[in-house]
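These are the residues of each chain, in order.
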Amino acid sequence: FGEVWLVQPLTRNGSSEIQRVAFGQFGIDDHCIAPLSSFEDIPWQSGPYFDKIFTNTDWHTLPRLRTDMRSNDLEKLGEVLGENFAKVLKKKKKFVIR
């Protein structure tokens, strides 16, 4: 493949797929595209998404993630995964915590 930029579409016209653009292709190295927003609320990975607020602000530096979940959080996680937990664990289904 060579080296590529991983580009997330700005307008999301029904597509959230990350595009691979080779270095130098379409002048991507020479032009800066200014975003319309801060991207704080735009996920960079495809879902499903589970929204969980972490009070520890440096959570990304931890070697592993552990959190307490209330009953309503567990119900929301079940809705996100769409199946019972035994099937999800067996399939090793992935989801994004945001």
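Everything numeric here is computed off the predicted structure, so don't read it as measured data.

## Let's talk about unusual backbone geometry
Part 1 of the argument: For the bond running from glycine 47 to proline 48, omega is 15 degrees, close enough to zero to count as cis.
Part 2 of the argument: Within the secondary structure layout, proline 48 lies in the loop between strand E2 (19–22) and strand E3 (49–50).
Part 3 of the argument: For lysine 92, which is not a glycine, the phi torsion comes out positive at approximately 55 degrees.
Part 4 of the argument: In this fold, lysine 92 is placed in the loop between helix H2 (85–91) and strand E4 (96–97).
Part 5 of the argument: Take lysine 92: its relative accessible area is 68%, and that puts it in the exposed class.

## A short note on the environment of phenylalanine 54
Part 1 of the argument: Its location among the elements puts phenylalanine 54 in the loop between E3 and helix H1 (71–81).
Part 2 of the argument: The class of phenylalanine 54 is partly exposed, set by a relative accessible area of 22%.
Part 3 of the argument: Apart from the residues lying within four places of it in its own chain, the contact partners of phenylalanine 54 are Trp59, Leu65, Thr67 and Ile97.

About the thresholds
Residues numbered from 1 in each chain as written. Predicted model: local features only at pLDDT ≥ 70, side-chain atom pairs only at ≥ 80, totals over all residues. Heavy atoms only, no water. Helix = DSSP H or I, 4+ residues; strand = E, 2+ residues; numbered from the N terminus. Buried < 20%, exposed > 50% of the residue type's maximum accessible area, 1.4 Å probe, protein only. Contact = heavy atoms within 4.5 Å.

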